[in-house]
Amino acid sequence: MGPHPAVAAIRLAVRRVLHDILTEHSRITEAAMTAATAAAVDAREPSRNERTPSPLVLVACSGGADSMALASALAFEAPKLGIRAGGITVDHGLQHGSDLRAAEVVLRLRELGLDPAESIAVSVGREGGPEAAARDARYAALDAAAERHGAAAVLLGHTRDDQAETVLLGLARGSGIRSLSGMAAVSGADGRYRRPFLHIDRQTARKACMVQSLPVWDDPHNADPAYTRSRLRHEGLPALEKALGKGVVEALARTAQLSRDDADALDTWASQAEASVRDAMGRLECAKLYALPPAVRRRILRRAAIEAGAPAGSLFARHIEEVDRLITGWRGQKAINLPGKVVAQRQGGRLVIRQG
C-alpha cells in the first residue's frame with residue numbers, strides 16, 4: 001500500500017524540483033570540470049565524485065504546516081537522488097519565546113534527518129511596513145545561509161493559496177501584469193529559490209503533516225487582522241468564494257501563471273525593441289517610442305529609470321505614467337522627478353532620464 005494521497009502529492013512535487021536542481025547542478029559541474037581540464041589546472045584524472053559533487057538543498061522552515069510538509073518531503077526524496085538536504089529556520093524575534101520555538105523547529109528538522117539544520121536570528125526593521133520588513137530580513141538571512149553552506153537551492157513552502165492571495169494583493173494595489181503574476185516557481189539569484197507547492201493547496205500540506213504525525217506550529221500572526229494578508233486569508237477569500245462559488249483560489253493561481261507568461265513575453269519584446277528606439281548616442285527617441293505599444297514602451301521607460309538610479313521598489317506605475325506622458329501627451333511639461341533623485345525630461349525630441 002502506497003503513502004497517503006496528500007503525502008504522495010507533496011513528495012512528487014518535491015521530486016520534480018529536485019530532478020531539475022540535479023540536472024542543472026550536473027551541467028554546471030561538468031562545464032566547470034571541462035574548463036579546468038582545458039586549462040590544465042589539474043593534470044590527474046578527476047574522480048567521479050569530483051566531477052559531480054553532491055549538491056546541497058536547503059528548506060526554509062517556519063514550523064508551520066506548509067514548510068514542515070516540505071521539509072518531510074525533502075528529507076524523504078533527497079537521499080534517493082544522492083542530494084544532501086538541510087533546513088534553516090529564521091527567528092524574526094517578533095514574538096515572546098520565538099527563540100525557543102526556533103530551537104524546536106531545528107530539533108524537528110534534525111529528527112527528519114536534515115543536516116545542516118540551524119536557526120538564524122534576524123533584526124526586523126520598519127521600512128515598507130511590518131510584513132515587508134520581516135520578508136526582507138528573512139530573505140537576507142536565507143541568502144546568507146545559502147552562500148555560507150554552498151547550497152544549490154533553497155525550497156520555500158508557498159502554496160496555491162498563498163499564490164491566490166498574492167494575486168489579489170497585487171490587484172488591490174492597481175499593479176501591472178507583472179504583479180498579478182504572483183510568485184515565480186523559480187526566483188532569486190541564479191534561480192536559488194524554488195517553490196514546489198504552488199500547485200498544491202494548503203489543506204493538502206496540512207493533511208500530509210497530520211497523517212505523518214508531524215507537529216506543526218500555527219503562527220498567531222497569520223490570524224491577526226492587523227496584517228493585510230491575514231485579513232485577506234480569513235475574510236476576503238472566503239467572501240469571494242461565498243459570492244462566486246468554489247474554485248476562486250484555483251482560478252487566481254491559474255491567472256498568475258497566465259499573467260507571468262504574458263509578462264515574460266512583453267519583457268522580451270521590450271528588451272529587443274530598446275535598441276531600435278535609441279539614437280547613435282544611446283538617447284531615447286520620443287517618436288520611435290511613441291510608435292511602440294504602451295506595454296512595451298513603459299517597460300523600456302521603467303528600465304531606463306532604474307538604470308539611471310531609481311530604486312525599483314520605489315518606482316510605481318504612476319511614476320512611469322507621468323514619464324510616458326512626456327511622449328504621448330507632450331505640451332511642454334517640466335521635468336518629472338522620480339525616486340532616487342532621478343529626473344526625466346524631454347529635450348529636442350529625445351527623452352533624457354538621468355540623476356538630477
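Structure first, text after, so check above.
This structure is a prediction, so every number in the text was calculated from the model and none was measured.

Student: Would you mind going over the overall build of the protein in detail, with residue names and values included?
Tutor: Regarding its fold elements, the protein presents 13 helices and 10 strands. Taking the principal axes of the C-alpha coordinates as reference, the protein spans close to 70 × 65 × 40 Å. Going through the 356 residues of the protein one by one, you find that 43% of them count as buried. In the protein, the proportion of contacts linking residues at least 24 apart, taken out of those at least 6 apart, comes to 67%. The averaged location of the 41 negative side-chain charges in the protein is 5 Å from the averaged location of its 48 positive side-chain charges.

Student: Describe in detail the packing of aromatic side chains, supporting the description with residues and values.
Tutor: Aromatic rings in a pair are described by how distant their centres are and how their planes are angled relative to each other. With the rule as written, the count across this model stands at one aromatic pair. Pairing tyrosine 139 with tyrosine 193 gives two aromatic rings, centres 5.1 Å apart and planes at 90°, and the pair type is edge-to-face. With tyrosine 139 in helix α5 (residues 130-149) and tyrosine 193 in strand β6 (residues 193-194), the pair connects residues that are 54 residues apart, well separated along the chain. Positioned above the aromatic ring of phenylalanine 76 is the side chain of arginine 11, whose terminal nitrogen or guanidinium carbon lies 3.5 Å from the ring centre.

Student: Got a sec to walk through helix α6 (residues 160-172)? Specific residues and values, please.
Tutor: Taking 1.5 Å of rise per residue, the 13 residues of α6 would be expected to cover 18 Å, and the 19 Å separating its terminal C-alpha atoms lies within 8% of that figure. The buried fraction of α6 amounts to 11 of the 13 residues, a majority that puts the element mostly inside the structure. Considered for burial, the residues of α6 that qualify are Arg160, Asp161, Asp162, Gln163, Ala164, Glu165, Thr166, Val167, Leu168, Leu169 and Gly170. In this structure, the buried side of α6 is in contact with α3 (65-77), α7 (177-180), α8 (202-211), α9 (228-244) and α10 (248-274). In the segment just after α6, glycine 174 is the residue with positive phi, at about 70°.

Student: Provide a residue-level description of unusual backbone geometry, including the pertinent values.
Tutor: Aspartate 115 connects to proline 116 through a cis peptide bond whose omega is 10°. Of note, proline 116 is situated in the loop between α4 (98-111) and β3 (117-121). Of note, serine 213 is a non-glycine position whose phi angle comes to about 60°, a positive value. Its location among the elements puts serine 213 in the loop between α8 and α9. Under the relative-accessibility criterion, serine 213 is labelled exposed at 63%.

The rules behind the values
Residues numbered from 1 in each chain as written. Predicted model: local features only at pLDDT ≥ 70, side-chain atom pairs only at ≥ 80, totals over all residues. Heavy atoms only, no water. Helix = DSSP H or I, 4+ residues; strand = E, 2+ residues; numbered from the N terminus. Buried < 20%, exposed > 50% of the residue type's maximum accessible area, 1.4 Å probe, protein only. Contact = heavy atoms within 4.5 Å. Lys, Arg positive; Asp, Glu negative; His and termini not counted. Charge placed at Lys NZ, Arg CZ, Asp CG, Glu CD. Phe/Tyr/Trp six-rings, centres within 6.5 Å; stacked < 30°, edge-to-face > 60°. Lys NZ or Arg CZ within 6 Å of the ring centre and 35° of its normal. Expected span 1.5 Å × (residues − 1).

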